[in-house]
Every structure is written in C-alpha cells, then in structure tokens.
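Single-letter residue listing:
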Amino acid sequence: MSAVIMDGKALAKKVKEEVRAAAARMERRPGLAVILVGDDPASQVYADGKKRDCAQCGIYSEEYILPAETGQEELMLLIETLNGRSDIDGILIQLPLPAHLNERAVLSVVRPDKDVDCFHPYNVGRLNIGDPVFRPCTPAGVMEMLREYGISPAGKRCVVLGRSNIVGKPMAALLTQADGTV
C-alpha cells in the first residue's frame, strides 16, 4: 500500500464553504458561545480559532473569558443563562478548567442539545451506542479525513494512542462504529 498524503487545510476549506452555504440558507444565523475560564495560552488560541471559524462560516459567536478564580456557582449560572437563550445553539466549554472547579458538574449542566463538544453524559452515551447527537470535533475531523481520501477503517486494526474523554475514547468509538478493530 502506498502512502496517502492528506491535505487537512484543503478539506477544512471545503467544509467551511459547505457550512457557510448552509448557514446562509437558515432563517437566522446559528449561534455559538465559547466559555474560557483562566488564562491558559493554548486554550486561548483554540478559542480564538473557533471565533475566526465562526466568522468565516457565517455563525454568530460570543466569547466569555472568565478569571481563573471564577466560582462554580457563577460558572453554572452563566451556562444556565446560555442554555435558555434561543440565539445560542451551541455551548463550548474550553478545557481544562481550573482545578477548583468540578469539571464533570460543569459539563453536565450544558443542555445536551447545545453540547457541541459531546461532553454531556447523555451525548457520550449516545456516541458510544452508535447513535450520536454530536461527534467530538477532533475525532469527527479524523473520520472526515478518512472519508475524503477513501480510507475505510472496516476490517482494519486501528491504533489510538491515549484515552482522553476529548479525543482518545471518542476516536475509538467512531472507529469501532466504522467496523475497525481498535
């Protein structure tokens, strides 16, 4: 088997164009709220990228940058407020959260239908039984790359390094659902 060079930037451009066209056909612009607690530089880069992607795709976005000392109750109240807003369709909680915050509780308060990262226990369960509401971004991107280049995991042995809830575990679930052996 010869090597396949995959161009992620070209695929991202194609997907963004498709999303922009779909968003333009909607009655109202979809909205995303990004919450960042603390000043982790890598998290800020990621959040800035989401803001830029939203602008390119015609998606309304709001960014909430909270100080590292933000309390659990204050963060939960913000999420509940965003849950109730009809102009916000998705909520993204940038991880990691500061150590004093209960990450599991924070992620569980996001309404499942607004949990675009697929972190809510309901969405994780749906993903793992093969009936996802949302697919986590990075694993979904990997699967899209494989589809774009005609590479099927079916019948293949697939190796996933790591077991994080953000990438490793969902990647293993998506590969398994594509009939790969992980």
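The notes below deal with the structure included here. (Residues numbered from 1 in each chain as written. Predicted model: local features only at pLDDT ≥ 70, side-chain atom pairs only at ≥ 80, totals over all residues. Heavy atoms only, no water.)

Among all positions of helix H7 (residues 168–177), only Gly168, Pro170, Met171, Ala173, Leu174 and Leu175 are buried. Its buried side turned inward, H7 meets helix H5 (121–128) and helix H6 (137–148). One or two residues past the end of H7 sits Asp179, with phi positive at roughly 70 degrees. (Buried < 20%, exposed > 50% of the residue type's maximum accessible area, 1.4 Å probe, protein only. Helix = DSSP H or I, 4+ residues; strand = E, 2+ residues; numbered from the N terminus. Contact = heavy atoms within 4.5 Å.)

A word on the pattern of salt bridges. Summed over the entire model, instances satisfying the criterion amount to 10 salt bridges. Measuring nitrogen to oxygen at the nearest pair gives 2.9 Å for the salt bridge that ties Asp53 to Lys16. One end of the pair, Asp53, is in helix H2 (residues 41–57); the other, Lys16, is in helix H1 (residues 8–24), with 37 residues separating them in the sequence. Connected via shared salt-bridge partners are Lys16, Lys50 and Asp53. (Salt bridge = Lys/Arg side-chain N within 4 Å of Asp/Glu carboxyl O.)

Right, let's get into the packing of H6 against H7. H7 packs onto H6 with a crossing angle of 35 degrees between their chain directions and a minimal axis gap of 9 Å. Pair H6 / H7 crosses with right-handed handedness. For the pair H6 and H7, the contacting residues are Pro139, Ala140, Val142, Met143 and Leu146 in the first and Pro170, Met171, Leu174 and Leu175 in the second. Its residues placed into classes, the contact of H6 with H7 shows 9 nonpolar, no polar and no charged. (Axes fitted to C-alpha atoms, helices over the stretch in contact; angles between N-to-C directions. Left-handed = near helix turned anticlockwise from the far one by under 90°. Nonpolar A, V, L, I, M, F, W, Y, C, P; charged D, E, K, R; others polar.)

Moving on, we get to the nonpolar core. Nonpolar side chains tend to gather and get buried jointly when the protein is soluble and globular. By size, the foremost hydrophobic cluster in this structure holds 19 residues, and its most contacted members are Ile35, Leu75, Ile79, Ile93 and Leu97. Here the element with the most residues in this core is helix H3 (residues 72–84); it accounts for 4 residues. Not counting chain neighbours up to four residues away, the residues in contact with Leu75 comprise Ile35, Val37, Leu66, Thr70, Leu97, Leu101 and Val106. (Core = buried A, V, L, I, M, F, W, Y, C linked by side-chain atoms within 4.5 Å.)

None of this, on its own, says anything about what the molecule does.
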